[in-house]
Structures are given as structure tokens and as C-alpha cells.
Amino acid sequence: MTDLQWARISNDAFNVALFAYIAAMVGYFAFVAFKRDILWQVSRAIAAAGVAANLISIVARGVAAGRVPWGNMYEYSSLLALLVVVGALVVLEGVYRVRSLTGFALMFSVLTMAVAVSFLYVGPGPLVPALNSYWIKIHVQAAIWGSSLFALGGITTIAYLVIDRHERREARAARTSASPPPIMGGAIDLDADASRPPGAPGDLVPDPAEETEAAHGTRRLVPSAAGLDVLAYRIFALAFPIWTFAVIAGAIWAQEAWGRYWGWDPKETWSFITWVIFAGYLHARATNGWKGRRAAVIALAGFASLLVTYYAVNLWIVGLHSYAK
Amino acid sequence: MRTALILLLLIAVASVAGSLLPQWPNSAQRVAQYRGDHPVWGSLFERAGLFDVFGSWWFVLLTTLLFVSLVACLVPRTRALWRALRTPPMQAREIDAFPSYAEVPIAAAPGAAIEVARRALRRHRYRVARDPSRPALAGEKGVAREIGSLVFHWAFILLLAGVIYGKGTGFSGLIAVVEGQTWVDAEANYDGTIRSGRFFDGFTGIGLHLREFGSDFLRSGQPMDFVSRVDLLDPSGSVIRSEDIRVNSPAKLEGLWIYQSSFGWAPVIEVVDRGEVVSSGPVVMDRDAAPDGVVEFAMPWRGIVKLPGAGEGGRDRAIELELWPDSRGLAALLEGGEPQAMLVAFDPLIRFTVWEGRLTDLATSRLDTTSLREVSSGIVGAGRTADLVDGRALAEGDRGSGSTISFPELRQYSVFLVSRDAGVSLVLAAAILILVGLLPALYSSRRKIWVRADPDGDGAVLRVGGLAMQRKPQFAEEFTRLVGDLASAAGERTPRQPEPDDREKARTP
């Protein structure tokens, strides 16, 4: 097959993946709304088909361009979308048995891909000399993996804040009325917080998650707030070292390509800001009085910073990464 | 910890400003443009150091305070860890008060049972200490968490040391070398672009001879490759080795890193005045800035030849040169007004303008024409000669007025970034330690176990208590396994699982 045919396959598969993700997203939301198991099974199958199409699109793109398929924002977005959906299916559903967040993960991927195909599309082509280095395999891969985990963590954190708010309201209602409160999904674990021991004074490292049952194998439809909190922490604790590695690998590459390992280029600056915010989050989790909602807000700020690092820096801020459009 | 976090957050906020406003060290030109566009805010930001956030005194102050607070935090923690590592795990009096607790009746006598338990815990990599006063022991595991955390945080001190050492003794500068010419690492040869550290101790005298510069573009104009084929020379001028310097593939020699940075055209120009050669050699040219919507390679290149005292009556003379490396670019512009990228040399030609009068400076990068008068202009193609008095192109052998300009050859020059940073390996080591420390700091957990054997009939009752600082559900599973292990090692009498009821009973005597 010619490069052109491969490029066409890649584009077609991209569209198939996008529509599959949209259908699966609607299905997952319907599943959360109507709680019918069959909806989950169908949606999961469609999402898996979307993953397959997405993967085909990425591989075909690599063949068409004759290089690694993550050399510009369009390709990066496609891979990011893939990893977020795979993460939702494997990590959230597979490991933690949480099915209610996959719809939101799909929503993130759908938005990412829609933006990519509408505004960031470029045809497959060779890399500019500045990107032509084996470090693109290391640095960019680490950045995508870290970003996808941060995205999953961000989604979990948003869900945590919503459920937590709901639980607080229910708890208030329960205190004021004599009748037992109608509890959503029966998933509240009010003891989760009370069982936390105080962190050691002066401890610079976070006390990791006080895991609760909810994050650890119960098959509830909507996990408890405490469970989501722990789950978000776990994901961020996995994302943070990967992001740290991505920044370090970027610095090594910068030393090879630009003659300095750090020059406060906007991309460097924003990846540092994102790193600092998540470092703050991990510390906040170890500090009494900062667990839960406050830590969650910090994590969301980190997620927002990640989006700036990816979109705003490449598209609107002039810097050395501007070519990666 | 709180102080350090607040300082870190302030640094992040300052960084936001540094990424949104143009910065002097990254792009002086964009700062100047910003200041022109916003005169009031511009001067305000300038005064606040916001055009050089990362070099401003307050950023340095924030960083210094951050590191001071970090050290103040780390020293007592390190001391505490050191003490903890040298003291045996502490014995517990009330074992049944711990979150995990189990009782196992065993066949072995108390003393023997504790010895068996000690070995079993050692196999699980617990640090174990026996209670000297009774058949009991204490074990703990997971000190890697605190060690990792300390390694992670101390590594930042190492990082800072590497940065300061590297920047303090290092330098960087830009050099332009024309094909066929040799450059030597000496201060004068950096054309004022040097940024060096306070403790920079001089230049190496190493030489670089540019044999050839090559570039490769796609038809779309996308660059594919830039390569400088160079000979690296030792201070005496003999070739150490030949190398191809590309983007992403710098040459490294004696601590110097030499990077491909950019490139340009350098036509060889020979000026003859009244039959005498007054100037001869390559003229390094700069490309005009492209207006919006025009590809940069469509723009012509400019250079100036300044000849003090070479004009009529001893007046100064300057020749402005405008190079079109691909004459089809000029033709396209003149005919259709459509700019066309000039990526390779094709019938290159130079439009020149001759000025006479008084030169205010000898810099070849700009021409101040206030005291100059235009005397002629013309066009000279590659390999041709033109007359400086009337601008007319001259045929081979025609000397014209005797004052001529020739363009025998078009060469390219390559711009290299030359830098030295002896701190790189320290910084790299610090980065590796940061990662190495981070993993146990995030993923390992501290666990403690206490075992006591009380006599019970023929054998004993093994009481086991456990406590995890982190990852409690995993520890609950580990604890169950551990108790099973201890029980089978010590010869369990009647198998008993630790039930929640037992814990309740044990807790409320």
C-alpha cells in the first residue's frame, strides 16, 4: 500500500474511533442513569471497538509518515485519547471495579479527538530536524502517559467533589430529619475519614491513601466519596513519577538539542508549574486539614495547568515548542 | 513543610508571569516589541523585573528561601532517620490494642516460639528485636519510604549545587563560521554574544573549520536536515577529528558542546577601487524579517561592506548588498508580486547601492545613512562584475571606471551555539536520585509487628499485633498471611482465624 492509502486508513479509523467513543459515552451515561447491566456490556464493547479503531489509526499514521506517530498535536491527541479510554477500561473498571467514570473518560477523549481533528489536523509527514531524535520516543511517550493518568485522576477528582457534596447534603438531611436518609447506591462509608491516623509532624511525604473498601474491590455502581478520593490519589501517585520522568527526559533532550537542560521556555515553565501543583497535592494529602476537598481542589488546579501546558503553550504562547502544533 | 510549600507555590505563580510575558533571555526582540506596544505597562513590568522573571532578584530570593526552608526541614528528619536506623524496634506492652491483632495457640514453648517467629519475620525482611525481659519481639519494615523521601528532597539540593556550579563556571555564545573558514575559541570570536558565569575561567583555543554546510528541504519548504561538516582542531591548529554537526547531534570536545543553531548566505565580494583591491572576502548576511503570511525564506538577505576613506576625495564609502540566493524569487516578486521561498542557490544575484559621505560607525550589521549620499546602484550576478560608479554590469575583461564590485562565489555560513556547563553530570545525577527516591517515597509503606508468646498448657499462645502507617487494606491481607506463617512455623494447635469478634473481645477486657 502507498503512504497515501495508509494515511486514508488512518483518517477513516480515526473517525470510526471518534464515533465509537461518542456512542460508548452515551451508552455509559445511560448505564449510570438506568442501572441496566446490559447497557454497560454493550457500551464496553463499543468502547473496546473504538480502542481498536483508534489503535489502527495510530499505527497506520505511523506507517504513512514513516516515523513514530506522535510528532505533532494531532497525533499526540489521538494517542492521549486512546490511553485515557484504555486507562478507564483497564484501571478504573478492571482493577478498581468502578464503572461509573468510564463515560466521563470517554467524554474527555471525544473532546480531545474532536479538537484535534477540527483544529490541529496536519497530514502525515516527516519530522522537522528539531524533533528528529530518539528522545521523542522517550520524552513524548512519558508525557502522554503522564497526561493520560492526570486526566483520569482529574475525572475521578471531579466525581469525588460531586459525590462528596451529595453525601454531605445527605448527611445534613439525616441529622435534621428523624427518618433515615435515602442514600445513593448505599455507598457511603462515613468511617473512612475517621479511621485516618494523624500524619507524622514534619512529614514531607504524603501519607498515602487510606484505602477504603470502596476503592478496593466492591462492585458498587457509584463509589463513595472516600473511595473516589483514594482512587484519585492512587492515580495521581502513579502519574506524578511518570510526569517527573517526562520533565527530566525533556531536560536531557533540551541539553542535546538546544544546548541547555533548562531555559524557562514556556513549555518547560508550564510543565514545571504542573509538577509543582501536583507535588503540592501529594503533600496536602499528608497534611491534616488538607485532605479531601482541599486536596481535590489542588488536584483540579493541576489538571487545569496540564491543559494549559498542552494546548495553550503550543498554540498561543510563542516558544521553542511552537513547532509541535 | 508549610513554608516550603508556600514558597514553591509563589515560584509557580511567578513562573506563570514569566511564561506569559516575553523574557529578555529568550527573546529580546519580543520584549522590545511588547514595550513598544504597551509603553506604560511595559516600563512598569520592566521595573518589576517581569521581563526577566527567572533572573530577577526576587525570584532568586524566593528560590533561596525555598532551599533554606527545605534544608531546615530535612536536617532534623535525616537525624531522626539516622537514630531510628540505629535503635532497635520498640517493644510494645499492650499488643492487643493494635488495629490488627491475632491469637494463635501453638505447640512450641514460649521461648522457642519467639525464636521461630523471629526467623519467620526475618524471612519477610522485617527488622526484628527481641524483648530482653520476656518472650516477645518487635519488628518493623518499610524504612525505605522515609529514606526515599529524604533522597528525593536532598537531591534537589544537589540539583541546585549542580546548577550553580555549571552556570557559575560555564558560558554560552553564538558563532558564525563561513564555509572554508576556521574559528577559534577565544573571547573576541564570539561577536559579543557571550553569556558567562561569574567563575568562568577562560577559553580553550580549540578550533573549528567549517568544510561545508548542507541543508535539505521538502518541496513544501519543511526543513529535513541541517548539517555542518567540520574539522575540530586543537589549539595548535592540527585536526583532532572530523564531525558532522546536526540539530540534535552536537559535537563535544574538551567540555565544549557545539550545536547547529542556524545558517545563512555569505557571498564572496571583491571591491576594486581605481584598480586596487580594497576589500575581498565573504560577507555574512542576515535575512530580512518576513511580514505576516510570508514564508521567511522568501525574504532577501542583506549585508554591508564599509570602506572608510575609499570614496571620492577621501570620503567614506559603504556598499549595501541585497542578496537573492535564488533569482527566481526576485523575478516572481517583480512579475507576480508572489513571494517564493528561496531554499537553494539558483542564479544568485545581488542588488547593490553605493553610498558616500561620512560613516558614523564601522558595524557591518546596520547602516546609518544620515551623513551619506546615494551615488549609484546596480545588480551583480554570481561570477560577474559591475561598475560602482554607474552600476552597469561589466563584461569579462572590461574594467569600467576602475571601481568595480565582483561576486565570484556564493558560500553559506553556519551558526553554532557553543556552550560549556560542567554541572550537567551533577544535575543529571540529581535528577536520577529524584526519581529513585520518589518511587519508595510514594509506594512503600511502614509496617510494625509485635509478637508475644504466653505459656498456655503444654505450649503457648502467640499474640500478634500489627500496625501499618500506609496502605492499610494491603497490610490487613499481609498480616493475615504473616500470622498464618508464624502459626505454621511454630506448630499451630487448633487453626483459628482472627475474627472481628475476637478483636472486639480483646479490646474490651
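> Just give me the short version of the overall build of chain A, but keep the residues and values in it.
Within chain A, the regular secondary structure consists of nine helices and zero strands. Secondary structure elements of chain A occur, N-terminal to C-terminal, as α-α-α-α-α-α-α-α-α.

> Residues and numbers for the environment of I277(A), please.
Mapped onto the secondary structure, I277(A) falls in helix α8 (residues 266-285). The buried category is assigned to I277(A), around which 21 C-beta atoms lie within 10 Å. Remark: the alpha-carbon pair of I277(A) and F119(A), spanning 158 residues in sequence, is separated by 29 Å. When sequence neighbours within four positions are dropped, the list of residues in contact with I277(A) reads I298(A), A301(A), G302(A), S305(A) and A12(B).

> I'd love a proper account of the sheet that holds strand β14 (residues 301-307) of chain B, names of residues and values included.
All names here are of chain B. Taken in spatial order, the five strands of this open sheet run β13-β14-β15-β16-β17, and their pairing is antiparallel. A single partner strand is all that each edge strand has here, and the edge strands are β13 (286-287) and β17 (372-381). Note that β14 and strand β15 (residues 316-324) share seven bridges and pair antiparallel. By the bridge assignment, R302 is partnered in β15 with E322.

> Would you mind going over the pairing of strand β4 (residues 171-178) of chain B in detail, with residue names and values included?
Successive residues of a regular strand alternate their side chains across the two faces of the sheet. All names here are of chain B. Along β4, seven of the eight residues are buried, which leaves the element largely enclosed by surrounding structure. Pairing of β4 with strand β6 (residues 195-196), which is carried by two bridges, proceeds in the antiparallel orientation. Bridge pairing in β6 places S172 opposite R195. For β4 and strand β20 (residues 404-420), the ladder comprises eight bridges, and the chain directions are antiparallel. Considered in β20, the bridge of G173 is made with V418.

> How would you summarise the domain arrangement of chain B if you had to cite specific residues and measurements?
Accessible area lost on assembly of the parts is the figure often given for the size of an interface. All names here are of chain B. For chain B, the domain assignment lists domain 1 (2-81), domain 2 (89-142 + 445-507), domain 3 (168-263 + 418-431) and domain 4 (265-412). Put simply, the middle of domain 3 and the middle of domain 4, counted by C-alpha atoms, are 29 Å apart. Taken together, the contacts link eight residues of domain 3 with nine residues of domain 4. Only β4 and β7 (207-217) provide two or more residues apiece to the side of domain 3 that touches domain 4. A class-by-class count of the residues in the side of domain 3 that touches domain 4 yields five nonpolar, two polar and one charged.

Reading the values: rules and limits
Starting from 1, residues in each chain are numbered consecutively following that chain's sequence as written. Both sets of labels track the order of writing: A upward for chains, 1 upward for ligands. Confidence filtering applies because this is a predicted model: local features only for residues at pLDDT of at least 70, side-chain atom pairs given and counted only at 80 or more, and all residues used for totals across whole chains, interfaces and linings. Strands are runs of DSSP state E lasting at least 2 residues, helices are runs of H or I lasting at least 4, and numbering of each runs from the N terminus. Burial is judged by counting other C-beta atoms within 10 Å of a residue's own C-beta: 20 or more means buried, 12 or fewer means exposed, and anything between counts as partly exposed, with every C-beta placed from the backbone. Residues are scored as being in contact if the C-beta atoms we place from backbone atoms lie within 7 Å. We treat two strands as partners when DSSP finds at least two bridges between them. Residue ranges labeled as domains rest on an automatic or database domain assignment. Note that Gly is not counted as nonpolar here; it falls among the polar residues with everything else outside the nonpolar set of Ala, Val, Leu, Ile, Met, Phe, Trp, Tyr, Cys and Pro and the charged set of Asp, Glu, Lys and Arg.

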